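# Structural features, examined
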Amino acid sequence: MSSKAVGSDVAVAKGGKRKLLLLAVPVMLAAIGAGLWFSGILPKMLGKGDGEHHAGTEGAPAAAQAPVFFDMPEIVANMNATGRRAAYIRLRSKLELSKPEDAAAVQAAMPRLLDLYATYLREMRPEELRGSAGTQRLREELIARASLAAAPARITDVLFTEILLQ
């Protein structure tokens, strides 16, 4: 009886090691794969890359390209003020363009763009520019007008370098 018990213990021990091995090997492979993936080695091996090396190429997204800024001429306009005293605004800004080729379209549309800006500024009341919310509304309106005037160029933002109310 003792020989049977020893043989079954050996069989159980061998079966336990196999089960442990069958569980440990996939866990170890998964851990190694995760380490390679998060270290960036595996994506490069698979050709996925991280997109940093391709910035500025044709296949890269537009957000990866450096922004292009276009200087707008200074605009001085009288505002729609109530009362006897006139109110004026002096505005200096830059347009942020999505790509360098858009600068030619913006330059060609400059007379129309200045007209749209000046007309809008003349209709504004000084109270409408109070606080950051007023400045944000002005930014959104100027982006919309610039996009309309310089189509198909894509204007992504208007950056204010000076806003002076008198």
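Residues numbered from 1 in each chain as written. Predicted model: local features only at pLDDT ≥ 70, side-chain atom pairs only at ≥ 80, totals over all residues. Heavy atoms only, no water.

### Section: the overall build of the chain
When helices and strands are counted, the chain shows 5 helices and 4 strands. Element order for the chain, N to C, with α for helix and β for strand: α-α-β-β-β-α-α-α-β. Residue burial in the chain is summarised as follows: out of 166 residues, 23% are buried. (Helix = DSSP H or I, 4+ residues; strand = E, 2+ residues; numbered from the N terminus. Buried < 20%, exposed > 50% of the residue type's maximum accessible area, 1.4 Å probe, protein only.)

### Comments concerning the confidence of the model for the chain
Confidence in the prediction of the chain, expressed as mean pLDDT, is 81, and 81% of residues score 70 or more. Mean pLDDT across the elements of the chain ranges from a minimum in helix H1 (residues 2-39), with 73, to a maximum in strand E3 (residues 88-97), with 94. Across residues 51-57, where pLDDT falls below 50, the model places 4 contacts with residues more than four positions away in sequence or in other chains. (pLDDT = per-residue confidence, 0-100. Contact = heavy atoms within 4.5 Å.)

### Concerning the pattern of salt bridges
As enumerated under the stated definition, the model contains 7 salt bridges in all. Ionic pairing is found between arginine 92 and glutamate 162, a salt bridge with its closest N-O pair at 3.2 Å. Pair noted here: arginine 92 is in strand E3 and glutamate 162 is in strand E4 (residues 155-165), with a separation of 70 residues, a long-range link. According to the relative accessible area criterion, arginine 92 is partly exposed, its value standing at 35%. The network of salt bridges with common partners includes Glu74, Arg90, Arg92 and Glu162. (Salt bridge = Lys/Arg side-chain N within 4 Å of Asp/Glu carboxyl O.)

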